[in-house]
Amino acid sequence: MDKYCPQEIEKKWQNKWDADGLYSTVDDDSKEKYYVLEMFPYPSGNLHMGHVRNYSIGDVIARFKRMQGFNVLHPMGFDAFGMPAENAAIKRNIKPADWTYSNMDNMIRQQKEMGIAYDWNRLVQTCHPDYYRWTQYLFEQFYKKGLAYKKKATVNWCDSCNTVLANEQVIDGCCWRCDSPVIKKDLSQWFLKITDYADVLLKDLDKLPGWPSRVKTMQENWIGRSEGAEIIFDIPAFNEKVTVYTTRPDTAFGISYMVLAVEHPLVDKLIKGTANEQKIRDFIDHVHNQSELDRTSDKSEKEGIFTGAYAINPFNDEKVQIWVANYVLFEYGTGAVMGVPTHDSRDWMFADKYGIDKKIVITPADKTLTLDEMNDAYTDEGILINSGEFNGMNNRKAIPAMIDWLEKNNCGKRRINYRLRDWLISRQRYWGAPIPVIYCDKCGTVLVPEKDLPVKLPEDVNFEPGSVSPLAQSEEFVNCTCPKCGGPAHRETDTMDTFICSSWYYMRYADAKNTTAPFSKELVNKWLPVDQYIGGIEHAILHLLYSRFFTKVLKDVGLVDFDEPFKNLLTQGMVIKDGSKMSKSLGNVVSPEEIIGKYGADTARLFILFAAPPERDLEWSDQGVDGAWRFLNRVWRIVEQYLPTIKENKKTDVAALTSAEKELRRVLHTTIKKVTEDIAERSNFNTAISSIMELVNAFYAVNDKEIQAGLINETATSLLLLLAPFAPHITEELWQELGHTNSIHIADWPQYDEKATVADEVEIVVQVNGKVREKITISAQAAPEDVKKQATELDRIQEITADKNIVKVIYVPKKLVNIVIK
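Residues numbered from 1 in each chain as written. Predicted model: local features only at pLDDT ≥ 70, side-chain atom pairs only at ≥ 80, totals over all residues. Heavy atoms only, no water.

### A short note on the overall build of the protein
At step 1: Counting its regular elements, the protein contains 27 helices and 34 strands.
At step 2: The C-alpha extent of the protein, read off along each of the three principal axes, is 100 × 80 × 50 Å.
At step 3: The 822 residues of the protein split such that 54% are buried.
At step 4: Put simply, of all contacts in the protein between residues at least 6 apart along the chain, 71% involve residues at least 24 apart.
At step 5: Element-wise, carbon and sulfur atoms account for 47% of the exposed surface of the protein, whose accessible area totals about 36,600 Å².
At step 6: Of the charged side chains in the protein, 100 are positive and 117 negative, and the gap between their average positions amounts to 1 Å. (Helix = DSSP H or I, 4+ residues; strand = E, 2+ residues; numbered from the N terminus. Buried < 20%, exposed > 50% of the residue type's maximum accessible area, 1.4 Å probe, protein only. Contact = heavy atoms within 4.5 Å. Areas by Shrake-Rupley, 256 points an atom, 1.4 Å probe, with all protein chains shown as cover. Lys, Arg positive; Asp, Glu negative; His and termini not counted. Charge placed at Lys NZ, Arg CZ, Asp CG, Glu CD.)

This is the structure we're talking about:
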């Protein structure tokens, strides 16, 4: 084939790889295992450029490791449950399953057209009963271990649609679908006790040196461990007590108010029958319609209202106003916080806004603060004042002493607190894994027996807008027999959060066809943890944290022997165009199929890997795509040009190399070393490709010279091997043209000769007072004094320095000589 035609060669090789089962993983204990995995997608229907980037990165690593001799596991599947499919069912009057499976078929076709080396025999689809059977089984393991429970929780509710809404579906206080006002509603919800694992999830971040520090910091902040104190305040008028958690007990003598979350159970008692009861209840309704993000954001306005009630500060017996405000959430801490305006900026602004008193209790060591000179809270270290027996102490050193006082006087205690809350997994939706629980009036809550799993989704459901939860309306599904007593009972009609499905899918790949267990313990321990995981930074908190939690629980129940799921994590940036993330609404989407149809998959892959380091956002460039296409054509032409010579399959005669041949071989082996290290150690695919491009330039630079056949063979063969993980189709085609019968993708990765990477001669610049005046070629092993002598004796340099005083001569090895003159 004289001309590079990707449309012809790519389909041919995709079909052959598939027919030969080239990428099927076998259990070969003679090779070291390597498990590379990209986060599986939601089957929306079509791949986008973000997918192409994610999968191309993983494919390079998988192909590279396979060529290095590893036994590689590189699977793919679909995170197939979720609300989008249910919404599509409502909009199109079709079943969610039909929509989802059709989309998965299309996306599999697109992934194959990209030439991704997946083992499709291990396909995982989370909506298939063969998979969610085991999702339900794992839920039951959590329940048996006391880590799954049901309690009332406040959710967003649309009366018109009769459904729960996620925070993201509430727009300006109204339902995104019907625009009706959204209210808060208490519903019984299922939770998993992730808080039981808060400390180990935090501590074990130290076990993850292969994770980006940014991701670990995000998880650390999300878990939010803090050490402080609980302080108990009496409310004498109501014969009640309220507990506040604080990390700053050293400021306790400065408390002038406290704030309760509007959801706090004490609020109703404090305001009932008061003159402002209705006004306060209106405020509570107003806060209920604010999202959690709006309530807690530093940029949001802090709103509150005085209940008229007072608590007693145990440290000084002073009365403290009790307010309710929007910035305190009942789920955090104790649902109550103390207000110290003089030593917390948020409290200062709140006190200013509502005219609440301020009292200074910490002052710098070298001066005494006064309220008149303060325009914000003093938050630095200092000395306690107005603090009773603790006066004169350094405020930080006073913290343990004040906690000791609380414990001695039975009005508080030390406490470690976490920002992390238990994981609410209930969804009042149809398209999810049913929670395998039965309710019996006689026996209470009963798990569905494992032998009866999966609890399958019924098909006699109504997806019309405004209907109640689809599972709840299926009498055949709801009504059942209690597995304990045999009496009438009813099923749980909530389904599980789809994050449950994605919290263990990477384990199923180790044993995807198992019908007797979620996976074989032997196989899962053989393949896992995942050696390289790849996905977007947006998954840093939820998916990655939940997966770590799942893994630790499964180890504790004896299903696996490891306690962290992913050894190394690569978080790739977004693909952007015209300065914004690609989006249909912005009209800046580039279709992968369009690019593949015009240029081929190899060009799309090469561009997206070359255009930016993987962890950074990538700016789409039509010129860049065209450049990748032109480069592949250059590779095609240079290999075709030398095809007869390469087929001679001669070896390089190193002893007989000319200077031009030595330089070409130096570039070749330097490139092998650079590409190997860039992939294996740094995941710098862009610089690896850049090195390959430099090698091609060097190859072209000698195509008018007499070059020995062995070196041409060595260069062309190594070039194709180095390029194979990035552009699998063109390299496979050219590899076969060279006469090889086996696939290039199971060939051995090239090894570099360290001696060949050392240049015999190097060109350096000669400067005078920092300005380049000349260039010279020197022996790479030349002594510094000899180099300086050669530089100063150059005719051009002697002309410049003839009537000047040479102060010193500086030599930077193999780079430059700088002659300093006066």
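Still more to cover.
### A few points about the UniProt feature "binding site: ATP" (unreviewed entry) in the protein
At step 1: Under the local residue numbering, the UniProt record ascribes the feature "binding site: ATP" (unreviewed entry) to K584.
At step 2: Examined against the element boundaries, K584 turns out to sit in the loop between β29 (580-581) and α18 (592-599). (UniProt positions renumbered as here; feature names shortened; annotations may be inferred.)

### Quick look at empty space enclosed by the protein
At step 1: Under the defined criterion, the tally for this structure stands at two cavities of 30 Å³ or more.
At step 2: If you add up the space inside the second largest cavity, you get close to 30 Å³.
At step 3: L47, Q110, E113, M114, P592, E593 and I596 together form the lining of the second largest cavity.
At step 4: Counting only elements with at least two residues in the lining of the second largest cavity, the list comes to α4 (96-113) and α18.
At step 5: Element by element, the count of residues in the lining of the second largest cavity is highest for α18, at three residues.
At step 6: Looking at the lining of the second largest cavity residue by residue, the classes come out as four nonpolar, one polar and two charged.
At step 7: Shared between two domains, the lining of the second largest cavity holds at least three residues of each, these being domain 1 (6-132 + 499-586) and domain 3 (592-757). (1 Å grid on protein atoms, 1.4 Å probe; cavity = no way out; pocket = protein on both sides within 12 Å on 5 of 7 lines; lining within 4 Å. Points joined across faces, edges and corners; volume = space filled by probe spheres on them. Nonpolar A, V, L, I, M, F, W, Y, C, P; charged D, E, K, R; others polar. Domains from an automatic or database assignment.)

### Observations concerning the packing of helix α20 (residues 622-641) against helix α25 (residues 728-737)
At step 1: Two numbers describe how α20 lies on α25: the axes approach to 11 Å, and their chain directions differ by 5°. The orientation of α20 relative to α25 falls into the category roughly parallel. Contacts from L632, V635, W636, V639 and E640 in α20 reach I730, E733, L734 and E737 in α25.
At step 2: Within the contact of α20 with α25, the residues separate by chemical class into six nonpolar, no polar and three charged. (Axes fitted to C-alpha atoms, helices over the stretch in contact; angles between N-to-C directions. Parallel < 35°, antiparallel > 145°, perpendicular 65-115°, else oblique.)

### Some thoughts on the sheet that holds strand β30 (residues 618-619)
At step 1: Pairing within the open sheet is mixed, and its three strands lie in the order β29-β28-β30. Unpaired on one side and paired on the other, β29 and β30 mark the two borders of the sheet.
At step 2: Examined bridge by bridge, strand β28 (residues 575-577) and β30 share two bridges and lie parallel to one another. When the sheet's bridge partners are listed, V575 is paired in β30 with L618. (Pairing = 2+ DSSP bridges.)

### Considerations on the layout of surface pockets
At step 1: Size it by volume and the second largest pocket reaches roughly 910 Å³.
At step 2: At the level of secondary structure, the elements contributing two or more residues to the lining of the second largest pocket comprise β11 (240-246), α10 (292-296), β15 (336-339) and α11 (345-354).
At step 3: Of the residues in the lining of the second largest pocket, the class split is 11 nonpolar, 12 polar and eight charged.

### Looking at the environment of Y118
At step 1: Within the secondary structure layout, Y118 lies in the loop between α4 and β4 (124-125).
At step 2: Since its relative accessible area comes to 4%, Y118 is described here as buried.
At step 3: Separated by 95 residues in the primary sequence, Y118 and Y23 place their C-alpha atoms 6.1 Å from one another.
At step 4: Ignoring sequence-local partners within four residues, the contact set of Y118 consists of Y23, E38, Y55, H74, P75, M76 and Q111.
At step 5: Here the side chain of Y118 touches E38 through a polar contact of 2.4 Å, side chain to side chain. (Polar contact = N/O pair within 3.5 Å; in protein donor to acceptor, adjacent residues only side chain to side chain.)

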